[in-house]
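Overview (structure and organization)
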Amino acid sequence: MAPVSVATRHVMQANKSKNTKPELIVRRMLREAGLPGYRLHWKKCPGRPDVCYPGRKVAIFVNGCFWHRCPHCNLPTPKSNVSFWEQKFARNQERDARNYRELVLAGWTVLVVWECALKKQRLEPTMARLVREIELSELGLLPHGRLVEVGYLSAWQHRVAWRRFR
C-alpha cells in the first residue's frame, strides 16, 4: 500500500464513522415514524450496522457516497495517490459485501440507504420505503435473509412507475 502523508492521515481521522448527518436523519425519521427501540452500532451483529433492530432481525447501513462508492453518484477517484484510494475503496466495498453476506445468511433483512437518497427531494420516498420494509419484515410478509437497497427503484419498479406516470 502506498504511504499516506501526515496531513491526509489527519484529515481521514477527522472523518466521523458514527453519528454522521445522514445517520442522524435516518434515526430521527425512524422515531417520527413510530419505530424507536433500535440499537446503534450493535457489536453482536456483523459489520456493526448503523441502526439495528435485533428482535426483528433488521440491520440498516447508512452509507456515505464517497467512502462506500455509491453506484448512483459516479464519484471520481481523488487525483493524488490514486493507487491508495483505489485500494481503500476496494477494501471498503469488500468489507461491506462480506458483512451483508454474513447477515443475509443468518436470516437478517439488510437495508442499505445511500447518503444521496437522503437529500431533500428524495428523503420522503426513501424513508417511506425504509419504514415499509421494516414493518413488512416484522410481519413476516417477506422472506428472511435478504439485501435491499432503499431509496432507488429497481429496474422492474422503474419501468412500472414510468408506465404509470406516462
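Residues numbered from 1 in each chain as written. Predicted model: local features only at pLDDT ≥ 70, side-chain atom pairs only at ≥ 80, totals over all residues. Heavy atoms only, no water.

1. Observations concerning the overall build of the protein chain
- Scanning the protein chain from N- to C-terminus turns up six helices and five strands.
- Secondary structure elements of the protein chain, listed N to C terminal, follow the sequence α-α-β-β-β-α-α-β-α-β-α.
- Considering the protein chain as a whole, with its 166 residues, one finds that 38% of them fall into the buried category.
- A total accessible area of about 10,300 Å² is found for the protein chain, and carbon and sulfur atoms account for 55% of it. (Helix = DSSP H or I, 4+ residues; strand = E, 2+ residues; numbered from the N terminus. Buried < 20%, exposed > 50% of the residue type's maximum accessible area, 1.4 Å probe, protein only. Areas by Shrake-Rupley, 256 points an atom, 1.4 Å probe, with all protein chains shown as cover.)

2. Considering the confidence of the model for the protein chain
- Per-residue pLDDT for the protein chain has a mean of 85; in total, 82% of the residues score no lower than 70.
- Every residue in residues 155–166 scores below 50 in pLDDT, and together they form three contacts with partners more than four places removed in sequence or on other chains. (pLDDT = per-residue confidence, 0-100. Contact = heavy atoms within 4.5 Å.)

3. Describing a positive patch on the surface
- Positive charge collects at one region of the surface, where Arg-91, Arg-95, Arg-98 and Arg-101 lie side by side.
- With respect to the element layout, Arg-91 can be found in helix H4 (residues 82–105).
- Residue class for Arg-91 comes out partly exposed when judged on its relative accessible area of 36%. (Patch = residues over 30% accessible without salt bridge, like charges linked within 9 Å, V, L, I, M, F, W, Y side chains within 5 Å. Salt bridge = Lys/Arg side-chain N within 4 Å of Asp/Glu carboxyl O. Lys, Arg positive; Asp, Glu negative; His and termini not counted. Charge placed at Lys NZ, Arg CZ, Asp CG, Glu CD.)

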